[in-house]
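What follows is each chain in one-letter form.
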Amino acid sequence: MTQDAILIARSVFPEVEDKLRQHFQVETTPPGVVWSTAEFIERLRGKAGVLTTGGERIDAALLAACPQLKIVSNLAVGYNNFDLDAMSAAGVLGTNAPDVLTETTADFGFALLMATARRIAESEHYLRAGHWTQWSLDLFAGAEVHGSTLGILGMGRIGQAIARRGAHGFGMNVIYHNRSRLDADTEAACKARFVSKAELLAQADHLVLVLPYTPAAHHTIGAAEIAQMKPTATLINIARGGIVDDAALAKALREKRIAAAGLDVFEGEPKVHPDLLTVPNVVLTPHIASATIPTRTAMAMLAADNLIGYLVHGKPLTPLNPEVVA
Ligand code: DGY
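Residues numbered from 1 in each chain as written. Predicted model: local features only at pLDDT ≥ 70, side-chain atom pairs only at ≥ 80, totals over all residues. Heavy atoms only, no water.

This part takes up the overall build of the chain. Tallying secondary structure elements over the chain gives 13 helices and twelve strands in all. Per-residue burial for the chain yields a buried fraction of 50% across its 326 residues. A sequence separation of at least 24 residues applies to 61% of the contacts in the chain between residues at least 6 apart. Total accessible area on the chain is roughly 15,400 Å²; 56% of this is exposed by carbon and sulfur atoms. One way to put it: in the chain the 28 positive side-chain charges average out to a point 2 Å from where the 33 negative ones average out. (Helix = DSSP H or I, 4+ residues; strand = E, 2+ residues; numbered from the N terminus. Buried < 20%, exposed > 50% of the residue type's maximum accessible area, 1.4 Å probe, protein only. Contact = heavy atoms within 4.5 Å. Areas by Shrake-Rupley, 256 points an atom, 1.4 Å probe, with all protein chains shown as cover. Lys, Arg positive; Asp, Glu negative; His and termini not counted. Charge placed at Lys NZ, Arg CZ, Asp CG, Glu CD.)

Strand order across the open sheet formed by five strands is β2-β1-β3-β4-β5, with parallel pairing between neighbours. In this open sheet, the two strands that pair with only one neighbour each are β2 (25–28) and β5 (93–95). This sheet shows a mean twist of 15 degrees between the axes of neighbouring strands, independent of strand direction. Relative to strand β3 (residues 49–52), strand β1 (residues 5–8) runs parallel, the two sharing three bridges. Paired with Ile6 across the strands is Gly49, a residue of β3. Its contacts with the sheet place helix α13 (residues 293–311) against β1, β3, β4 (71–74) and β5, and it is angled at close to 165 degrees to β4. (Pairing = 2+ DSSP bridges. Axes fitted to C-alpha atoms, helices over the stretch in contact; angles between N-to-C directions.)

Looking at the ligand, the residues that line it are Ala76, Val77, Gly78, Leu101, Arg240, His287 and Met299. Here an oxygen atom of the ligand and a backbone polar atom of Val77 are 2.7 Å apart. At 2.7 Å, a side-chain N or O of His287 approaches an oxygen atom of the ligand. (Near = heavy atom within 4 Å. Polar contact = N/O pair within 3.5 Å; in protein donor to acceptor, adjacent residues only side chain to side chain.)

All right, on to helix α7 (residues 157–170) then. Relative to the 20 Å expected for 14 residues at 1.5 Å per residue, α7 spans 19 Å between its end C-alpha atoms, a close match to the ideal helical length. Those residues of α7 not exposed but buried are Ile158, Gly159, Gln160, Ala161, Ile162, Ala163, Arg165, Gly166 and Ala167. Of the surrounding elements, those touching the buried residues of α7 are α5 (102–117), β6 (149–153), β7 (173–177), α8 (184–190) and β9 (206–209). (Expected span 1.5 Å × (residues − 1).)

With that settled, the discussion passes to the pairing of β1. With burial as the criterion, each face of β1 is covered, one bearing Ala5 and Leu7 and the other bearing Ile6 and Ile8. For the crossover from β1 across helix α1 (residues 14–21) to β2, the handedness is right-handed. (Right-handed = clockwise from strand over helix to strand, strands pointing away.)

Pairing within the open sheet is parallel, and its seven strands lie in the order β8-β7-β6-β9-β10-β11-β12. Of all strands in the sheet, those bounded by a partner on one side alone are β8 (192–194) and β12 (282–284). With strand direction ignored, the average angle separating the axes of adjacent strands in the sheet is 20 degrees. Pairing between strand β10 (residues 234–237) and strand β11 (residues 260–263): four bridges, direction parallel. Considered in β11, the bridge of Leu235 is made with Ala261. Sheet contacts for α7: β6, β7 and β9; angle to β6, the most-contacted strand, approximately 175 degrees.

So, about the pattern of salt bridges. Opposite charge on two side chains permits pairing when their charged atoms draw close. For the structure shown, the criterion picks out 18 salt bridges. We note a salt bridge from Glu17 to Arg21, for which the minimum N-O separation is 2.8 Å. Of this pair, Glu17 and Arg21 both sit in helix α1, separated by four residues, roughly a single helical turn. Owing to a relative accessible area of 18%, Glu17 belongs among the buried residues under this scheme. Residue classification places Arg21 among the partly exposed positions, given a relative accessible area of 39%. Two residues, Asp99 and Arg157, come together in a salt bridge whose shortest N-O distance is 3.0 Å. In this pair, Asp99 is assigned in the loop between β5 and α5 and Arg157 in helix α7, connecting sequence segments 58 residues apart. (Salt bridge = Lys/Arg side-chain N within 4 Å of Asp/Glu carboxyl O.)

None of this, on its own, says anything about what the molecule does.
In structure tokens, the structure reads:
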């Protein structure tokens, strides 16, 4: 039987590529290369499947140009790069990579919260620049973490994992807002209390954003929401670029309307709003919340297993539009 041809849109670890090569004719990017949209579409023509990252937009125009495509397997839990309606209409399955990154991403959310609250990046730059000449009482005095109020916007699996760290590890008072309230057992396990969005903004000492990006979630946090936060608060975004209005945030940070922010995701990344690069009270990282070798390997393996599961066995592991399979 002829093997299906698939495309890997950004290079993956050798063991993942080797696994795919056992089942498919594989075309892949060289490490470090990112194709333009036009080149990506050109290479995708005639392929039955593709392993994407959140950086490749899958829309009606691409689907029309690639009629042999059957599955797009995203190497990410987020899939806002998919036009899922267009994919379903074209009979193309979408899959994502949930669960395997939950705890690692929550670890990073907490690391970013701590780095932001305790001014770790800012003070490290100060030391490296040779400015440290004496100890002083208020040198890089930051915000308290233990015992403070942790606000979480978006209480899915990662939000819950962050809540558990805050409540059980740091004795934090955890409040959250979500489209739907969690059941009582899950709230108890996270020691988290459901509040309105307004209360969340007003009460949180540290506000962590973990909600999925949808057009309705665009600029969920802008100037008006920042104005409702405590002037001592920190804001952490490990969700998606576009959920925060980055220009409004940079202005608010410069004007000290809130104390600090920690950002792993950006509007239009990998570009970063230039004003964010010049304010000192922000910690910036390049979308690495799930980036440990074991977790990124597990994510890539799950993405590969979705391609194999669907194209070879007819059974994807984590389908987003399962009606396409049925
Ligand atoms: C995800 O899995 O959605 C992460 O943000 C990596 O893209």
